[in-house]
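Coordinates in review
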Amino acid sequence: MPGLLNFATIDVPLAALLDEQLDEVGLILERQLASDHSAVNALCRHIEEYRGKQLRPLLVLLCGLATARSPRESALTEKHRVVAAVVELIHLATLVHDDVLDEARIRRQVPTLNNLRGNETAVMLGDYLISNAFHLCSTLVDPAINLALGEVTNTLCEGELLQLHHRDDHDVDEQTYFEIVRSKTASLIGECCRLGARVSGAPEPVGDSLHRFGIGLGIAFQIQDDLLDMTGDEAVVGKSLGRDLDCGKVTLPLIRYLGAADQAERRIALREFSRRSAARLRDILVQSGAVEQAHRHATGLVEEAKAQLRELHRGPARDLLEALADAVISREF
Ligand code: FPP
Ligand code: MG
């Protein structure tokens, strides 16, 4: 099973089931992206390298399992797996476009598509992936799922547009930061959880609790992502770091620091921000405790998110959802 979780701590039959299910999701993706044109296939093969943590498909499957009434082995259907493939395609499309916006050179330890082939190809491949996502989704002939995911992709784009609007805006407030993060990252993660439950036929309030779980998890995920961008090790994280500062994105530690700083401290921090002095700004934010404070905030969100799982029946799927939530903020990549 991919990335985030420590194998030793996972219920063995569940790990084997998820492994098998994720393999099948991979095959659905492969079939969906198979083109008559070898040039297109080569680009899609490169994007395969971006598939790392598989957090989103995993959440669809786990929420499907955690809310199913049938026994574990028969609880997951082809519909769960297709939804899992669709959300992974949406996610991959956003990564390809995001790397263009951020001028990122490396992702998942390999060169980004914009780095290898330029922005035009990367933009078009992102379009191809999003188009395939909705094409695959339509094969389910379930308009409610298309509608839910269409709303999510609208929201993702709004989040990115809001972020661009606040580029270099050091007066951006915490509420706006959270609105951006909720939109660009948490909206898809929340919907993965809700859709897993919906496909299992769970009552709507259960799906809504899981949606809240995913939203909290998603916001915490992005806070940790922003912290890694500032303090992480590029060899471990496997992607270009420092992009937030280079692109003028103001993230939680700086917002917290500026909120508490006196005039002199503020002047120095803003000077380093405008000079894009990554190391100096990072030192200020680490030494002041602002980085630690942001991490504590993410931890609080994860605890609140886990509380949303209380109504699910106890079992390995619920335990794994809790473990995933913890892993989102302890991860170093
Ligand atoms: C990661 O931000 C970015 C996202 C989670 C969303 C990106 C969304 C778009 C670019 C809109 C495109 C929409 C569609 C429907 C194709 P980040 O730069 O903080 O994360 P990173 O560190 O992984 O680069
Ligand atoms: Mg980025």
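Below, the structure is looked at part by part.

What counts, and at which threshold
Residues numbered from 1 in each chain as written. Chains lettered and ligands numbered in written order. Predicted model: local features only at pLDDT ≥ 70, side-chain atom pairs only at ≥ 80, totals over all residues. Heavy atoms only, no water. Near = heavy atom within 4 Å. Polar contact = N/O pair within 3.5 Å; in protein donor to acceptor, adjacent residues only side chain to side chain. Areas by Shrake-Rupley, 256 points an atom, 1.4 Å probe, with all protein chains shown as cover. Helix = DSSP H or I, 4+ residues; strand = E, 2+ residues; numbered from the N terminus. Expected span 1.5 Å × (residues − 1). Buried < 20%, exposed > 50% of the residue type's maximum accessible area, 1.4 Å probe, protein only. Contact = heavy atoms within 4.5 Å. Donors = N, O, S within 2.8 Å, 3.2 Å for Na, K, Ca; no water. Core = buried A, V, L, I, M, F, W, Y, C linked by side-chain atoms within 4.5 Å. Salt bridge = Lys/Arg side-chain N within 4 Å of Asp/Glu carboxyl O. Phe/Tyr/Trp six-rings, centres within 6.5 Å; stacked < 30°, edge-to-face > 60°. Lys NZ or Arg CZ within 6 Å of the ring centre and 35° of its normal.

Once that is clear, we can look at the site of ligand 1. Taken together, 16 residues are adjacent to ligand 1, and Asp 98, Asp 102, Arg 107, Asp 225 and Lys 239 come closest. A distance of 3.1 Å separates an oxygen atom of ligand 1 from a polar atom in the side chain of Lys 184. At 3.0 Å, a side-chain N or O of Gln 222 approaches an oxygen atom of ligand 1. Protein chains bury 90% of the 630 Å² of accessible surface belonging to ligand 1 in isolation. Listed by contribution, the elements that provide at least two residues to the shell around ligand 1 are α5 (78–101), α8 (143–165), α9 (174–199) and α10 (204–231). It is α5 that provides the largest number of residues to the shell around ligand 1, a total of 5 residues.

So, on to helix α17 (residues 316–330). Under the 1.5 Å per step criterion, the end-to-end length of α17 is 21 Å for 15 residues, consistent within 8% with the ideal 21 Å. Taken together, the buried positions of α17 are occupied by Ala 317, Arg 318, Leu 320, Leu 321, Leu 324, Ala 325, Ala 327, Val 328 and Ile 329. On its buried side, α17 packs onto α1 (12–33), α3 (55–66), α10 and α16 (290–307).

We now examine the coordination of the magnesium ion (ligand 2). Asp 98 (OD) and Asp 102 (OD) make up the full set of protein donors to the magnesium ion (ligand 2), lying at 2.0 Å. You'll find Asp 98 and Asp 102 in the same group, each marked buried.

Further remarks concern the nonpolar core. One recurring pattern in soluble globular proteins: nonpolar side chains tend to sit buried together. By size, the foremost hydrophobic cluster in this structure holds 107 residues, and its most contacted members are Leu 59, Leu 62, Leu 129, Leu 149, Phe 213, Ile 223 and Leu 321. If you tally residues by element for this core, the top one is α5, at 13 residues. Excluding its chain neighbours within four sequence positions, the residues that come into contact with Leu 321 are Leu 59, Leu 62, Cys 63, Ala 66, Phe 213, Leu 309 and Leu 312.

Here the focus is the pattern of salt bridges. By the definition in use, this model includes 24 salt bridges. Notably, a salt bridge pairs Arg 51 with Glu 88, separated by 3.2 Å at the nearest N-O pair. Of this pair, Arg 51 sits in the loop between α2 (38–48) and α3 while Glu 88 sits in helix α5, placing them 37 residues apart in sequence. The partner of Glu 292 in a salt bridge is Arg 296, with the nearest N and O atoms 3.8 Å apart. Highlighted residues: Glu 292 and Arg 296, both in helix α16, separated by 4 residues, approximately one helical turn. Within the structure, one salt-bridge network assembled from shared partners comprises Glu 24, Glu 78 and Arg 81.

Evaluation of the coordinates by the stated rule reveals 1 aromatic pair. Taken together, a centroid distance of 5.3 Å and an interplanar angle of 70 degrees make the contact between Tyr 177 and Phe 178 edge-to-face. Look at Tyr 177 and you get buried, because its relative accessible area is 5%. Judged by relative accessible area, which is 18%, Phe 178 ranks as buried. A cation over a ring is seen here: Arg 276 above Phe 273, with NZ or CZ 5.5 Å from the ring centre.

Tracing the backbone shows Leu 92 in helix α5. Residue classification places Leu 92 among the buried positions, given a relative accessible area of 3%. Each C-alpha atom, one on Leu 92 and one on Arg 51, is 7.8 Å from the other, the two residues being 41 residues apart in sequence.

At Glu 103, a residue that is not glycine, the phi angle is positive and equals roughly 50 degrees. Mapped onto the elements, Glu 103 comes out in the loop between α5 and β1 (106–107). What makes Glu 103 exposed here is its relative accessible area of 56%. In this structure, Gln 109 takes a positive phi of about 70 degrees despite not being glycine. In this fold, Gln 109 is placed in the loop between β1 and β2 (110–111).

Before going further, it helps to examine the side chain of Ser 35. When you line up the elements, Ser 35 lands in the loop between α1 and α2. For Ser 35, the side chain forms a polar contact with the main-chain nitrogen of His 37, separated by 2.9 Å. Residues within four places of Ser 35 in sequence aside, it is in contact with Val 40, Asn 41 and Tyr 128.

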